[in-house]
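As a plain string of letters, each chain reads:
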Amino acid sequence: MSIDADLATELAAHLLGAQTTATAVTKLTDAHPDLDVDGAYLVQNALRALYLDGGHHLAGWKAGLTSRAKMEQMGVDRPTVGFLTDRMAVSAGSTIDVADLVHPRVEPEVAFVLAADLPTSGCTVDDVLASTAHVVPAIEVIDSRYENFRFDLPSVIADNSSSARFVVGTEGTPLDGLDRAALTVTLSRNGEEVDSGLSSAVMEDPAAAVALVADIVGSLGGRLEAGMTVLSGGVTAALAVSPGDLITATVSGLGSVEVRFA
Ligand code: OOG
Ligand code: MG
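Before going into details, it helps to say that this report is about the structure given with it. (Residues numbered from 1 in each chain as written. Chains lettered and ligands numbered in written order. Predicted model: local features only at pLDDT ≥ 70, side-chain atom pairs only at ≥ 80, totals over all residues. Heavy atoms only, no water.)

### Describing the sheet that holds strand E12 (residues 255-261)
Alright, step 1. Judged by pairing direction, the sheet is mixed, and its five strands sit side by side in the order E3-E12-E11-E7-E8 without closing on themselves. Each edge of the open sheet carries a strand with a single partner, namely strand E3 (95-96) and strand E8 (192-198).
Alright, step 2. Relative to E8, strand E7 (residues 184-189) runs antiparallel, the two sharing six bridges. Counted as the bridge partner of serine 188 is glutamate 193 from E8. (Pairing = 2+ DSSP bridges. Helix = DSSP H or I, 4+ residues; strand = E, 2+ residues; numbered from the N terminus.)

Here is the structure:
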């Protein structure tokens, strides 16, 4: 279904309410079974406009569902994108209040910080390499606004690919000399390793996920720009968190980043 601008804004306002009050809602396709991927991105665009109108600033973009572990966990077979705002950014080492979120989960990721704008179509891995200032270990905190963290592809896209918070490491590492497919990514809770994977799990090369995001964002009328942070997607399945958890993501060669939940 290609939905009109009024319905896109109405659905975006509904999801904005769920996000700001941390309330679970039924997935959009229950009431709108014809909502397709294109229509869902119209809702996500309308949601982004509501945030920017409300004084939030765009900080970057993310890839979702770029690894098999994530696709299998969520039962969705195609990567997605979501936008990141300045107020979703959480400083490394600080504390996130679980009460502000519906049912948060964490994912260990590799984040790219851009030094130059990327093309809006036909973006290649070489373009990404040429435009990246450095990479950093990251923890993405996702929080589907849908009941029981269950959704389908159009519903999750409309809900900004479950974006909620993101935490990036303080030390950047240039890409030169890194074997981008062979980084070991581990996720720990309270000092104990919970899961790990290789960076190749993300589309054989996390830079390929960034190139894909550049094209999808371009098709939405946006652009990956210098200074933005781009999350390339969870390497492992996402882990549900509870108050008291100290979460650490470590990427070999890049160091680690921590965040606490209260
Ligand atoms: C969708 C977002 C997935 C990732 O890194 O794969 C994502 C979800 O699983 O709720 O951010
Ligand atoms: Mg993610």
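### Things to note about the coordination of the magnesium ion (ligand 2)
For a metal with four donors in a tetrahedral arrangement, the ideal angle between donors is 109.5 degrees, while six donors in an octahedron ideally sit at 90 or 180 degrees.
Alright, step 1. The protein atoms donating to the magnesium ion (ligand 2) are Glu107 (OE), Glu109 (OE) and Glu140 (OE), with metal-donor distances spanning 2.0 Å.
Alright, step 2. Judged by its relative accessible area of 0%, glutamate 140 falls in the buried class. (Donors = N, O, S within 2.8 Å, 3.2 Å for Na, K, Ca; no water. Buried < 20%, exposed > 50% of the residue type's maximum accessible area, 1.4 Å probe, protein only.)

### Here's the deal with the site of ligand 1
Alright, step 1. Close to ligand 1 lie 17 residues; Lys62, Leu65, Lys70, Ser162 and Gly234 are nearest.
Alright, step 2. Between an oxygen atom of ligand 1 and a side-chain N or O atom of lysine 70, the distance comes to 2.8 Å.
Alright, step 3. At a separation of 2.7 Å, an oxygen atom of ligand 1 approaches a polar backbone atom of glycine 234.
Alright, step 4. In isolation ligand 1 offers 310 Å² of accessible surface; the protein chains occlude 100% of this area.
Alright, step 5. Of all the secondary structure elements, the ones that give two or more residues to the shell around ligand 1 are strand E1 (58-64), helix H4 (68-74), strand E4 (105-114) and strand E5 (132-142).
Alright, step 6. Each residue belonging to the shell around ligand 1 can be placed in one class, and the counts come to seven nonpolar, five polar and five charged. (Near = heavy atom within 4 Å. Polar contact = N/O pair within 3.5 Å; in protein donor to acceptor, adjacent residues only side chain to side chain. Areas by Shrake-Rupley, 256 points an atom, 1.4 Å probe, with all protein chains shown as cover. Nonpolar A, V, L, I, M, F, W, Y, C, P; charged D, E, K, R; others polar.)

### Here we look at the nonpolar core
Alright, step 1. The biggest cluster of nonpolar side chains holds 69 residues, and the ones touching the most others in it are Val43, Phe112 and Leu224.
Alright, step 2. Among the elements that line this core, the one with the most residues is helix H7 (residues 206-219), at eight residues.
Alright, step 3. Filtering out sequence-adjacent residues up to four positions away, valine 43 remains in contact with Ile3, Ala8, Leu11, Ala12, Leu15, Leu28 and Ala158.
Alright, step 4. The next biggest cluster of nonpolar side chains, apart from the first, holds 17 residues, and it includes Ile96, Val98, Ile139 and Leu187. (Core = buried A, V, L, I, M, F, W, Y, C linked by side-chain atoms within 4.5 Å. Contact = heavy atoms within 4.5 Å.)

### Notes on the packing of aromatic side chains
Alright, step 1. All told, the structure shown has three aromatic pairs when counted by the stated rule.
Alright, step 2. Summarising the aromatic geometry, the rings of tryptophan 61 and phenylalanine 83 are spaced 6.4 Å apart at their centres and angled 80 degrees between planes, so their arrangement reads as edge-to-face. Of this pair, tryptophan 61 sits in strand E1 while phenylalanine 83 sits in strand E2 (residues 80-85), and the two are 22 residues apart along the sequence.
Alright, step 3. When its relative accessible area of 0% is taken as the criterion, tryptophan 61 is described as buried. (Phe/Tyr/Trp six-rings, centres within 6.5 Å; stacked < 30°, edge-to-face > 60°.)

### Section: the packing of helix H1 (residues 5-21) against helix H3 (residues 37-53)
Alright, step 1. Here H1 crosses H3 at 60 degrees, and the two axes come no closer than 8 Å. Looking at the two axes, H1 sits oblique to H3. Seen along the crossing, H1 lies across H3 with a hand that is right-handed. Listed contacts from H3 to Ala8, Thr9, Leu11, Ala12, Ala13, Leu15, Leu16 and Gln19 of H1 are Leu42, Val43, Ala46, Leu47, Leu50 and Tyr51. (Axes fitted to C-alpha atoms, helices over the stretch in contact; angles between N-to-C directions. Parallel < 35°, antiparallel > 145°, perpendicular 65-115°, else oblique. Left-handed = near helix turned anticlockwise from the far one by under 90°.)

### Things to note about H3
Alright, step 1. Between its first and last C-alpha atoms H3 spans 24 Å; for 17 residues at 1.5 Å apiece the expected length is 24 Å, and the two agree.
Alright, step 2. Among the residues making up H3, those that are buried are Val37, Gly39, Ala40, Tyr41, Val43, Gln44, Ala46, Leu47, Arg48 and Tyr51.
Alright, step 3. Its side-chain oxygen 3.3 Å from the backbone nitrogen of aspartate 38, aspartate 36 forms the N-cap of H3. (Expected span 1.5 Å × (residues − 1).)

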